[in-house]
Every structure is written in structure tokens, then in C-alpha cells.
Amino acid sequence: MSSHEHLPLELDSSFLNTSTIIALCVFFALLCACIIIGHLLEENRWANESITALLLGLCAGGVVLLIRKGASSHLLKFSEDLFFLYLLPPIIFNAGFQVKKKRFFKNFSTILLFGIFGTVISFCIISLGVFWIFRKIGVKSLSLKDHLAIGAIMSATDSVCTLQVLSQDETPFLYSIVFGEGVVNDATSIVLFNSVQTLDFHNIDGLTVLKLIGTFLYLLFTSTALGIAVGLLSAFIIKTLYFGRHSTDREFALMILMAYLSYLLAELLNLSGILTVFFCGIVMSHYTWHNVTESSRITTKHAFATMSFIAETFIFLYVGMDALDIDKWRESKASAGTSAAVSSTLFALVLVGRAAFVFPIANILNCVQKRESSKIHFKQQVIMWWAGLMRGAVTIALSYNQFASSTRKSPESALMITSTIIVVLFSTIVCGSVTKPLIEAVLLRHRKPMVSDFTDNVSLEDLGVLLLESGDPSNSNNNQPARRASSLRLLISHPTTTVHYFWRKFDDRFMRPMFGGRGFVPFVPSTPTGAADESSSA
């Protein structure tokens, strides 16, 4: 008699699978353990929750292997759909929702330079290095498409781990640059990877390169526009229909569903869902969030952060357990020396590829910047280089997409997957654990007090630009009228401040009256806001 015949319920029915229940129980128990351990290690500067989850996943995967006596388990199988459709969207959306917009857009041109041109430089260096070195190691069966795909795969930084090792309050400038670059970098890497899959390598010319650049620019602008459009639509609907007078739950539900819908629409239209949901989060935090009731604001802020936190922890648990999927290691048939040589080569190329664009681009920007506060000093460049070395679930997902298909059952394809996993584990554990102490030793020990990004105070130089634009009466005499600087002159001399100033004027005059935002406070008698309004009117 089988063991299932002793159970009061039939667990092998079509709608309830025993292995699924076991997998969910394991993962939820591990999530609880990660939260508890993360709380206990909160003050530890060497550990963070991503490293804790990764190590816990490795331990759990080892236990599963021991229980199954070395046999592989579907509990450890990596699913691209689970990662890209369910785990990544809440993380990227919350990052856009919580990001300090003023500092992010102040550094937007710098972020684009690092995220786009830097990724392309890293892609070229890694691809060329792999093509040249792998043949000397003995890995000779990979095609040109595989080498280019490896360049795109290894160029994708781990923006999830960056969120945990950098602090938005302690190092706001580095956080905005490195995290913003990470979001654009992921999108660029995925675009490069998809472009490699569609290129005809028998007929490559200058027109092909132009088509590749045009495709990337199209995806960049259309993905961003879609995210902004969905965010504005949610703000307009909630402001116009005002769900809060009947149910605050509807406000919260609509924000979640429309944010997720933006990601799905982007993927349906073959756009970058990462960029779309990121900018949707920014727009929702600027307009939609201010249109809901006070209770909904508190709910959405904590709910989005909680969903992001759970998804982040789940990803690292997932990667840790998948690393011990024994079938992949058996299929590679590579010796320990070969595996170590391939993994070391990949990580060394990641080091060189990132250094090849971080330091040159930063120094070029320093030559262009006039203000000392806007320059990226060498210590900051070192942190930017080191913090961007971590590779994560995006890298593993792209590696599976390239080398784990049923038609690619070869030892060297399996070797590429296992080597990618080794790079991800090493970079996350080593680089992730060292980043916080490195920041404290290099930057925070002698740091000066910083003004919060939430304040609207501008520097004296910014104030001077605004006075120039409106005509400063103190600079005029009794006989000559004040000279009014042209908008073009201001844009050339102070682009960031001028664009921000005119955007604020446009936002106050046109956008907020239509889409709401700060200053629009719905009247609900049952809320504290409504009570305050009633008392003031009395």
C-alpha cells in the first residue's frame, strides 16, 4: 500500500500537487528564516539580506540533495517566467516609486552615459575577451553568437543587490548613479541580448549596426513613454473618479494592477518592461500617490516596499537553491580546473569591462562639469566600479535562455551555465559583503553633513540662475533696465537647473491641475485629513 492511501485527502488531484505544496512550504519557511536572520544581522556591516538569503538557499539545496541521495529535484529548477513575470516587476516598480526624483533626474544624463555607453563598452570587451581566451582554455565549440551572448549576459549588473548594499540616505549621489545605471544597464543588456539572437552573422555591415542602434533608441523611448502614459492614466482616473469616497481598497488595487499592466503591455509589445515599470513608479509617486486618501498613502507605501522585499529575498533563495541543481554540473563534464579557469576568466573580464568605462566616463564628465559638487571624485569612482560588479538573477535568466534549451544539450553549454552561477555566487557574496565596509572606509569616515534631497532649497548658483531668468533688479541702475537672459543661454550654461525650473513651471500650470499631485488633497470626512478640514472650516 502506498503512502498516499493513508492520507485523509487525495493530494495528487489535478488541482493540488504534492511537490508544489512541498516547494512552497520550503520557500515560505526559508523566507521566514531570512527575515529573522536579517533582523539579527541588521547591525552587521559585512552581511546583508541578499547574502543571507543566498547562503540559506545553498544550505537548503544541500539538504535537499542529501535527502534525495544526490538525485536532482524540480524544487531547484530555475524558471525564467517566474523571475521576469512575477518577481522582478515589484522590485523595479518600488525602486521607481521610492527613488528620490530630484537627485535622480539631476544625474539623469550621467546615468544614461553609464547605463548605455558603459554597457556597450563592457559588452564589447567581454565578448572579445571570451572569443580570444576561451579557445586557449579549450572551450572551442561555441559560436560567434554564443560569444556575443556571453558579453551581453555578463554585462547585466544586479540592481537588486545594489538596493541593499548602498544607502539612499548615507550615499545619495552614489545610490542614484549606481542604481539608476543598473536599471538602464539591465534594459540595455536585454536589448543587446535579444539583438544578438536576431542578427544575421553571415551578412553584417554598417546598415546592420545602424539598425541595432535605431532599435535600441526605439525601445528606450517607447518603453519610457509607455510607463509615463500608464502612470498618468492612473493619476487621471483616481483624481477624476475619486475612489476614496467609497473605498480606499479600490485605490490601492487600481495602482497595483495598472503598474503591473504597464509591465505586461511592454513585454507584449516587445519593449523593455524594466524601463516601463520603473518610470511608471516614478510618475505614480509624483501624481497618483498624492491623489489617494491618507490611509491609502500609508498602505501603498508600505505594501509596495513589502512586496519588493519579499521578491528580492525570494530571488536570492531561488538562485541559491538552483545553484545545487546537480544535473547541470553532471552535464558539463568539465574538470575542476577547467570550470575554475572559465569562471575566473568571466569574472576577470567583468572587472576589466566595468573599469574600462567607469573611470574614463567619470573623468570626461569631470572635465565638462564646472561645479565642484557635481564632479565624481576618484574615491567615488572606485565605489561605483566595485558596487557594479555584482551579477544576479538577470544574468542567470539570460544564461538559461541562451544555453539551456532542449536543442543545446552539450557539455560546453552546461559549462557556461555552471560558470555563470559561480560568477553570480562569488560576486554577490564577496563584492556584496565588502561594499559596505569599503564605503565606510573610503567615503563615510570623513563625510560632511548632507542636505536632504526632499528639501526644495537650491544653492546660491541655482538661485542666481533663476534671478537671471526673471531679471535681477539689483544688477540694474536707474537708467538701464535689467537684462533678461535668454532661455537658450541659460540652458547651455546651466542645463540641469534650467530644465528643472521650467519643468516645475509647466508642472504647476498644466500637469497638476489635470493629473493631481502634491497640493491635491481629497476630502473624506472619515479620514484625519477630512477631520482637519472640517475643524478648520468651522
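On a predicted model such as this, the values are computed, not experimentally measured, just so you know. (Residues numbered from 1 in each chain as written. Predicted model: local features only at pLDDT ≥ 70, side-chain atom pairs only at ≥ 80, totals over all residues. Heavy atoms only, no water.)

### Some remarks on the overall build of the chain
Part 1 of the reasoning: Tallying secondary structure elements over the chain gives 21 helices and 0 strands in all.
Part 2 of the reasoning: By residue count, 48% of the 538 residues in the chain fall in the buried class.
Part 3 of the reasoning: Taking the contacts inside the chain whose residues are at least 6 apart along the sequence as the reference set, 83% of them involve residues at least 24 apart. (Helix = DSSP H or I, 4+ residues; strand = E, 2+ residues; numbered from the N terminus. Buried < 20%, exposed > 50% of the residue type's maximum accessible area, 1.4 Å probe, protein only. Contact = heavy atoms within 4.5 Å.)

### Concerning the packing of aromatic side chains
Part 1 of the reasoning: Following the criterion strictly, the structure yields 25 aromatic pairs and no others.
Part 2 of the reasoning: Consider the rings of Phe105 and Phe108, whose centres lie 5.7 Å apart with planes at 40 degrees: the pair is tilted.
Part 3 of the reasoning: On the basis of relative accessible area, Phe105 is assigned to the partly exposed category, the value being 39%.
Part 4 of the reasoning: Look at Phe108 and you get partly exposed, because its relative accessible area is 25%.
Part 5 of the reasoning: Members of the aromatic cluster, connected to one another through ring pairs, are Phe104, Phe105, Phe108, Tyr175, Phe179, Phe278 and Phe279.
Part 6 of the reasoning: Across from the ring centre of Trp289, 5.9 Å away, lies the NZ or CZ of Arg297, which sits over that ring. (Phe/Tyr/Trp six-rings, centres within 6.5 Å; stacked < 30°, edge-to-face > 60°. Lys NZ or Arg CZ within 6 Å of the ring centre and 35° of its normal.)

### Observations concerning the confidence of the model for the chain
Part 1 of the reasoning: For the chain, mean pLDDT is 79; residues scoring 70 or higher make up 81% of the total.
Part 2 of the reasoning: With pLDDT under 50 throughout, residues 448-477 is counted as low confidence; its partners more than four residues away or in other chains account for 38 contacts.
Part 3 of the reasoning: pLDDT under 50 marks residues 522-538. Its contacts with residues more than four places away, or in other chains, come to 21 contacts. (pLDDT = per-residue confidence, 0-100.)

### Section: the packing of helix α3 (residues 80-98) against helix α10 (residues 248-268)
Part 1 of the reasoning: Closest axis-to-axis distance for the α3/α10 pair is 10 Å, and the angle between their directions is 115 degrees. As the angle between them shows, α3 and α10 are arranged roughly perpendicular. Like other packed secondary-structure pairs, α3 and α10 cross with a definite hand, here right-handed. Here α3 contributes Phe84, Leu85, Tyr86, Leu88, Pro89, Phe93 and Phe97 to the contact with α10, which in turn contributes Met255, Ala259, Tyr260, Tyr263 and Leu264.
Part 2 of the reasoning: Residue classes in the contact of α3 with α10 are distributed as 12 nonpolar, no polar and no charged. (Axes fitted to C-alpha atoms, helices over the stretch in contact; angles between N-to-C directions. Parallel < 35°, antiparallel > 145°, perpendicular 65-115°, else oblique. Left-handed = near helix turned anticlockwise from the far one by under 90°. Nonpolar A, V, L, I, M, F, W, Y, C, P; charged D, E, K, R; others polar.)

### Considerations on the pattern of salt bridges
Where charged atoms from two side chains of opposite charge come close, those side chains can pair.
Part 1 of the reasoning: Applying the stated criterion across every chain, the model contains 3 salt bridges.
Part 2 of the reasoning: Its salt-bridge partner being Glu181, residue Arg354 comes within 2.9 Å of it at the nearest N-O pair. Residue Arg354 is located in helix α14 (residues 336-368), and its partner Glu181 is located in helix α8 (residues 172-198); the two are separated by 173 residues in the primary sequence. A single burial state applies to Arg354 and to Glu181, both of which are buried.
Part 3 of the reasoning: When the shortest N-O distance is used, the salt bridge between Arg512 and Asp508 registers 3.1 Å. In this pair, Arg512 and Asp508 are both assigned in helix α20 (residues 495-515), 4 residues apart and thus about one turn of the helix distant.
Part 4 of the reasoning: On the basis of relative accessibility, which here comes to 17%, the residue Arg512 falls in the buried class.
Part 5 of the reasoning: Since its relative accessible area comes to 40%, Asp508 is described here as partly exposed. (Salt bridge = Lys/Arg side-chain N within 4 Å of Asp/Glu carboxyl O.)

### Structural notes on the state of the cysteines
Part 1 of the reasoning: The final tally for this structure, using the stated rule, is 0 disulfides.
Part 2 of the reasoning: Cys34 supplies the cysteine sulfur nearest to Cys32, a cysteine that is in no disulfide, at a spacing of 9.4 Å.
Part 3 of the reasoning: With relative accessibility at 48%, the residue Cys32 sits in the partly exposed group. (Disulfide = S-S within 2.5 Å.)

### What about α10?
Owing to its 3.6 residues per turn, the α-helix aligns residues three or four sequence positions apart on the same side.
Part 1 of the reasoning: Its 21 residues give α10 an end-to-end C-alpha distance of 30 Å, which sits within 8% of 30 Å, the value for a rise of 1.5 Å per residue.
Part 2 of the reasoning: What α10 keeps buried is the set Glu251, Phe252, Met255, Met258, Ala259, Ser262, Tyr263 and Ala266. For α10, the arc enclosing every buried residue in end-on projection is 135 degrees, short of the 170-degree limit, so these residues lie on one face. What points out from α10, more than 90 degrees from its buried face, is the exposed set Asp249, Leu257 and Leu268.
Part 3 of the reasoning: Buried positions along α10 lie against α3, α9 (206-241), α11 (273-291) and α12 (294-322).
Part 4 of the reasoning: In the segment just after α10, Asn270 is the residue with positive phi, at about 60 degrees. (Expected span 1.5 Å × (residues − 1). Arc of directions from axis to C-beta.)

### Comments concerning the nonpolar core
Soluble, globular proteins show a tendency: their nonpolar side chains are buried together.
Part 1 of the reasoning: Counting 123 residues, the largest nonpolar core has Phe83, Phe114, Phe134, Ile150, Phe278 and Met416 as its most contacted members.
Part 2 of the reasoning: With 14 residues, α8 is the single largest residue contributor to this core.
Part 3 of the reasoning: Leu232, Ala235, Tyr287 and Met511 belong to the second largest nonpolar core, which has 6 residues in total. (Core = buried A, V, L, I, M, F, W, Y, C linked by side-chain atoms within 4.5 Å.)

### Thoughts on the packing of α14 against helix α15 (residues 378-387)
Part 1 of the reasoning: Put simply, α14 and α15 touch, their axes get as near as 9 Å, and they point 150 degrees apart. The handedness of the crossing between α14 and α15 is right-handed. Residues Leu351, Arg354, Ala355, Val358, Phe359, Ala362, Asn363 and Asn366 of α14 form the contact with α15, whose own contacting residues are Phe378, Gln381, Val382, Met384 and Trp385.
Part 2 of the reasoning: Class assignment of the residues belonging to the contact of α14 with α15 gives a composition of 9 nonpolar, 3 polar and 1 charged.

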